[in-house]
Amino acid sequence: MSWTPQPGPQRAFVNSPVFEVVYGGARGGGKTDAALGDFALHVARFGAAAKGLLVRRQRVALEPTIARARQIFAGAGGAKWAEARSRFEWPCGARLYFRYLDNDADADLYQGHDYTRVYVEELTQFPNPAPVDKLKATLRSAAGAHCGFRATCNPGGPGHNWVKARYIDAGAEAIIAEPFRNPFDGTVSELKRQFIPAKLADNPALLKNDPNYIPRLQQSGSADLVRAWLEGDWNVIQGAFFDGWSNRNIVAPFAVPHDWLRLRAFDWGYAAPFSVGWWAQVADDYRAGPGLILPRGALVRYREWYGCTGRPGEGVRLDAEAVARGILQREVGETIGVAVADPSIFSQDGGPSIGERMRRAGVRFRPADNTRVGKAGALSGWYWC
Ligand SMILES: Nc1ncnc2c1ncn2[C@@H]1O[C@H](COP(=O)(O)OP(=O)(O)OP(=O)(O)O)[C@@H](O)[C@H]1O
Ligand SMILES: [Mg+2]
């Protein structure tokens, strides 16, 4: 057999000239096939210079991928699986290594290796990017083969947030260029990265051969996770308080009418991120766009200020007065009717509390009721519809 990409994202993935490409979304979208097919095409182009590494977090999870790779590679240059070395060997000299990478220390073992392609399967299974990033240093080719990092993933999993922030939030197929300064000669170059969304509809090969795949998927996880897997929706947050959250809760920007009640909610953080959310309560049923009516009483989060460095869980270390100033700057011309904060900001520890310092700087809060107790149709006084 000879493998060919299906039209759409699979083809975009194997044709992308970008250094770093993440192919993520629906389960069964054809991501693993695309990664294997990509390496077969890479071997056809670069022959003996093609040296690939494919990693996952657990060795056992590599088995089905190896089985599928045997089929694809047998018809693509006649590669054979060498079990003892855990790699595919092509008669022309190309190699593809299958390895597992459980933690940061495992990544150190690859120092000094050279690859022309690194594939990370199930990127969202890595809780942080450190081990994966280390592998990028292995991408080099003295023989001039085009080097690239390729990853596949589904929404959900311990790495959902950093993967989403780094690759997905920029939008489908957007190419992000990150500048790097060469410390030796001061020149600046760019490494580019791109996200390609996987949708089940783009894998007709699977839907035709296995019509029961979707019903089986529907039985395999929480309703939210299944929706994420079917639609490739990255806004699903496992374990989130509001677990009905999805793209449907996001509305296009509109001017908030002046007579709506405005609220401000605050969660303090210094070494960890702080979060300020501004909300408006819909005064009467309101048409916010074609076919979209916001019901009376609904809350719309119209602004946020999240004090994060960009690295997950790391705060920007602003003091209470600086956060208060930032809040006042953002609220110029607005009247905030209700302002609540995590009650812990009022606890005193020798000096004035965070809440007191912010009050002196002109920003008042009252302690929120943050007990997470569901009452008939209400969540601690918050309604979710
Ligand atoms: N181009 C193709 N030609 C033939 N079969 C394909 C092709 N692309 C995908 N398939 C088949 O579709 C099925 C699902 O594809 P694949 O395993 O690559 O999906 P996936 O997105 O990696 O799934 P998961 O999210 O579960 O990891 C597999 O049986 C695969 O062989
Ligand atoms: Mg896969």
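Residues numbered from 1 in each chain as written. Chains lettered and ligands numbered in written order. Predicted model: local features only at pLDDT ≥ 70, side-chain atom pairs only at ≥ 80, totals over all residues.

Chemist: Got a minute to help me understand the sheet that holds strand 14 (residues 299-307) in this structure?
Modeler: Read across the open sheet, the five strands follow the order 14-11-10-15-16; overall the sheet is mixed. Because the sheet does not close on itself, it has two edges, and the strands there are strand 14 and strand 16 (366-367). Here strand 15 (residues 338-341) runs beside strand 16; their pairing, made up of two bridges, is parallel. Bridging from a neighbouring strand, Ala341 pairs with Pro367 of strand 16. (Pairing = 2+ DSSP bridges. Helix = DSSP H or I, 4+ residues; strand = E, 2+ residues; numbered from the N terminus.)

Chemist: Help me out: how do you make sense of the environment of Arg117 in this one?
Modeler: Inspection of the secondary structure puts Arg117 in strand 6 (residues 117-120). Separated by 67 residues in sequence, Arg117 and Ala50 have C-alpha atoms that sit 7.6 Å apart. Among residues more than four places away in sequence, those in contact with Arg117 are Phe39, His42, Gly52, Gly148 and Arg150. (Contact = placed C-beta atoms within 7 Å.)

Chemist: Please explain the site of ligand 1 as it appears in this structure.
Modeler: Neighbouring residues of ligand 1: 16 residues in total, closest Arg27, Gly30, Lys31, Thr32 and Asp33. Mapped by element, the contributors of at least two residues to the shell around ligand 1 are helix 2 (31-46) and helix 7 (204-209). Per-element accounting of the shell around ligand 1 gives the leading share, three residues, to helix 2. Tallied by class, residues from the shell around ligand 1 come to four nonpolar, eight polar and four charged. (Near = placed C-beta within 6 Å. Nonpolar A, V, L, I, M, F, W, Y, C, P; charged D, E, K, R; others polar.)

Chemist: Which parts of the structure should I look at to understand the pairing of strand 12 (residues 286-289)?
Modeler: The side chains of a regular strand alternate, first on one face of the sheet and then on the other. As defined by bridge partners, strand 12 adjoins strand 13 (residues 292-294) across three bridges and the pair is classed as antiparallel. Paired with Arg287 across the strands is Ile293, a residue of strand 13.

Chemist: Would you explain unusual backbone geometry in this entry?
Modeler: Glycine aside, negative phi is the norm for most residues, and most peptide bonds take the trans geometry. Positive phi outside glycine occurs at Ser86, with the angle close to 50°. As for its placement among the helices and strands, Ser86 is situated in the loop between strand 3 (80-82) and strand 4 (87-89). Look at Ser86 and you get partly exposed, because 14 C-beta atoms sit within 10 Å. We note that Glu122 has phi near 55°; this positive angle belongs to a residue other than glycine. With respect to the helices and strands, the residue Glu122 is situated in the loop between strand 6 and helix 5 (130-136). Among the residues examined, Glu122 registers 20 C-beta atoms within 10 Å and is labelled buried. (Buried ≥ 20, exposed ≤ 12 C-beta atoms within 10 Å, placed from the backbone.)

Chemist: Help me understand helix 6 (residues 160-168), please; the structure alone is not making it clear to me.
Modeler: Along an α-helix, a turn takes 3.6 residues, which lines up residues three or four apart on a common side. Restricting attention to buried positions, one finds in helix 6 the residues His160, Trp162, Val163, Tyr167 and Ile168. Burial along helix 6 is one-sided: seen end-on, the buried residues are contained in an arc of 165°. (Arc of directions from axis to C-beta.)

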